[in-house]
Amino acid sequence: MAISVLSQASALNPGSDLWIVPDLEKSQWTAKLDWYLNFQICKSSRHRTHALPSYLKEVLAETELEKKSLRTKDTAPLMIASSELLPNKWVVILPWQGDLSAWTSQAFEIWQKLKEPTMRVFLPPGQSTGNLQLAWKTHHEVQDFTVVLD
């Protein structure tokens, strides 16, 4: 099957389990989805992990316990379970760095790790379906997903 392009009117309709969108600052669709997701995207983009208090650092040093770092990169994808709020299972926010092939590679990796669910891709601004097809073909021959243009 081929990639099918959805109109803006049908972009939020059921039909795909996984929705992949660019980061909040880069896409009008992400802002719309954020509303339905109770602003989870906006909140997570502003979240900062607190530093460990000095007394806890001392305890860790004295007991020789290893401190695990829970910090993530700013360019790490964010996955939100959205089955209660939208007609899908997951929304993944992939930060857009201006390179469609790198962005598509990340999308492909996520799609594959989730056991290849049905997928809808909300393209970053200025990107075309043809460019997405070319980028996707380098990873997988089957192109059975829907696309929403920004």
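If you're wondering where the values come from, they're calculated on a predicted model, not measured in any experiment.

All right, on to the nonpolar core then. Of all hydrophobic cores here, the largest spans 19 residues; its most connected members are Ile20, Leu94, Trp103, Met119, Val121 and Phe145. Sorting the residues of this core by element identifies strand E2 (18-22), strand E4 (90-94), helix H4 (100-113), strand E5 (119-122) and helix H5 (129-137) as the ones contributing at least two each. Ranked by residue count, the leading element in this core is H4, at 6 residues. Among all residues touching phenylalanine 145, those that are not within four sequence positions of it are Ala2, Ile3, Ser4, Met119, Val121, Leu132 and Trp136. Grouped together as the second largest cluster of nonpolar side chains are 13 residues, Trp19, Ile41, Leu86 and Val148 included.

Time to look at the pairing of E5. Here E5 shows no split at all, with Met119 and Val121 on one side and Arg120 and Phe122 on the other all buried. Bridge count between E2 and E5: 3 bridges; the pairing is parallel. What sits directly across from isoleucine 20, in E5, is valine 121. As paired strands, E5 and strand E6 (residues 146-148) are joined by 3 bridges and run parallel to one another. In the strand pairing of E6, arginine 120 is matched with threonine 146. What joins E5 to E6 is H5, and the crossover it makes is right-handed.

What counts and what doesn't
Residues numbered from 1 in each chain as written. Predicted model: local features only at pLDDT ≥ 70, side-chain atom pairs only at ≥ 80, totals over all residues. Heavy atoms only, no water. Core = buried A, V, L, I, M, F, W, Y, C linked by side-chain atoms within 4.5 Å. Buried < 20%, exposed > 50% of the residue type's maximum accessible area, 1.4 Å probe, protein only. Helix = DSSP H or I, 4+ residues; strand = E, 2+ residues; numbered from the N terminus. Contact = heavy atoms within 4.5 Å. Pairing = 2+ DSSP bridges. Right-handed = clockwise from strand over helix to strand, strands pointing away.

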